[in-house]
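Spelled out, the chains give:
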Amino acid sequence: MPHKEKLKVQEKIDLIRRCQTGELGKTEASRIAGVDLKTIYHWLARYEAEGESGFMAYSRNRVYTPEAKLNAVRDYLSGKGSQLEICKKYKIRNTHCLRGWIKVYNAHGDFSSRKYSGGGSYMKQGRTTTQEERVQIAKECIASGKNYGEIAQKYQVSYQQVRTWTLRFEELGEAGLEDRRGRRKKDQTPRTELEEAQIEIEQLKHKLYLAEMENTLLKKLNEIEGGSASPK
């Protein structure tokens with residue numbers, strides 16, 4: 001798309017108003033504004049949520065409370081609307097902002113830490129657990145409606161650990177929570193058809209390796225026996 005001079009605030013507002021009345025199609029509006037179609041949809045959502053003030057620059061950076069961020073993210077993750085619809089509902093200027101909150105929520109489970117606004121990691125470090133603990137945590141998390149943060153605090157593990165264990169338990173059952181670190185693929189018990197095929201391949205590779213080693217040893221043994229034989 002060729003470069004166009006940015007529209008002034010009033011020009012954006014007039015353009016969106018024409019889209020709303022049907023006087024102008026969204027595709028044509030994107031051509032006139034020199035932006036992609038997605039941007040036009042964002043402008044429409046912003047205008048519907050905030051009116052003309054949605055296009056005015058803030059006198060200072062807008063601050064959202066931790067509760068507002070949490071509600072917006074939970075609404076999106078629970079399927080109560082698209083990113084654009086959630087942004088419109090909570091008067092969030094762009095979906096990039098919402099995606100950032102979702103990323104933080106998935107990593108940490110909340111927005112209440114003072115370190116969140118100042119940089120740095122504040123995620124609770126995970127601790128070593130047994131398979132029985134992981135199964136118990138996953139089951140309780142599902143029973144609680146997947147309240148990852150609450151369960152993480154109760155069992156003193158990280159939010160991400162609880163989330164990962166719960167998703168694995170839903171997909172693979174208790175076998176999905178086995179600690180397989182340090183175990184060779186061929187020695188593992190398959191949990192899915194794909195894993196079964198992968199393990200079978202690793203077992204065949206191992207058998208081939210053993211056969212090749214045996215063949216090499218036999219050759220060396222024959223060479224040794226042949227060289228030590230006395231001529232008649």
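Residues numbered from 1 in each chain as written. Predicted model: local features only at pLDDT ≥ 70, side-chain atom pairs only at ≥ 80, totals over all residues. Heavy atoms only, no water.

Description of the pattern of salt bridges
It is possible for side chains bearing opposite charge to pair when their charged atoms get close.
Phase 1: A full pass over the atoms with the stated rule returns six salt bridges.
Phase 2: Here Glu48 and Lys88 are joined by a salt bridge, their closest N and O atoms 2.5 Å apart. In this pair, Glu48 is assigned in helix H3 (residues 37–50) and Lys88 in helix H5 (residues 83–90), connecting sequence segments 40 residues apart.
Phase 3: By relative accessible area, Lys88 is classed as partly exposed at 35%.
Phase 4: In this structure, the salt-bridge partner of Asp75 is Lys89, at a minimum N-O distance of 2.8 Å. Taken together, the residues span a long stretch of sequence, with Asp75 in helix H4 (residues 66–77) and Lys89 in helix H5 at a distance of 14 residues.
Phase 5: Owing to a relative accessible area of 53%, Lys89 belongs among the exposed residues under this scheme.
Phase 6: Residues joined in a network through salt bridges with shared partners are Asp75, Lys80 and Lys89. (Salt bridge = Lys/Arg side-chain N within 4 Å of Asp/Glu carboxyl O. Helix = DSSP H or I, 4+ residues; strand = E, 2+ residues; numbered from the N terminus. Buried < 20%, exposed > 50% of the residue type's maximum accessible area, 1.4 Å probe, protein only.)

Considering empty space enclosed by the protein
Phase 1: Enumeration according to the criterion identifies one cavity of 30 Å³ or more in this entry.
Phase 2: In terms of lining residues, the largest cavity is bounded by 13 residues, among which His42, Arg46, Cys87, Ile92 and Arg93 are the most central.
Phase 3: If you list the elements that add at least two residues to the lining of the largest cavity, you get H3 and H5.
Phase 4: Considering each element in turn, the lining of the largest cavity owes the most residues, five residues, to H3.
Phase 5: Taken together, the residues of the lining of the largest cavity break down into five nonpolar, three polar and five charged. (1 Å grid on protein atoms, 1.4 Å probe; cavity = no way out; pocket = protein on both sides within 12 Å on 5 of 7 lines; lining within 4 Å. Points joined across faces, edges and corners; volume = space filled by probe spheres on them. Nonpolar A, V, L, I, M, F, W, Y, C, P; charged D, E, K, R; others polar.)

Notes on the confidence of the model for the protein chain
One rule of thumb: low pLDDT means the predicted coordinates there are not for detailed reading.
Phase 1: Residue-level pLDDT values for the protein chain average 75, and 73% of them are 70 or greater.
Phase 2: Helix H7 (residues 115–118) is the least confidently modelled element of the protein chain, averaging 42 in pLDDT, while helix H8 (residues 131–143) averages 88, the highest of any element.
Phase 3: Confidence over residues 114–123 falls short of pLDDT 50; this stretch has 18 contacts with residues more than four positions distant or in other chains.
Phase 4: Across residues 182–186, confidence stays below pLDDT 50; counting only partners more than four residues off in sequence or on other chains, it has eleven contacts. (pLDDT = per-residue confidence, 0-100. Contact = heavy atoms within 4.5 Å.)

Quick look at the packing of aromatic side chains
The geometry of an aromatic ring pair comes down to the distance between the two centres and the angle between the two planes.
Phase 1: Tallied over the full model, the rule gives one aromatic pair.
Phase 2: The interplanar angle of 70° and the centroid separation of 5.0 Å between the aromatic rings of Tyr64 and Trp101 together place this pair among those described as edge-to-face. In this pair, Tyr64 sits in the loop between H3 and H4 while Trp101 sits in helix H6 (residues 95–108), placing the two residues 37 residues apart along the sequence. The same class applies to Tyr64 and to Trp101, which are both buried. (Phe/Tyr/Trp six-rings, centres within 6.5 Å; stacked < 30°, edge-to-face > 60°.)

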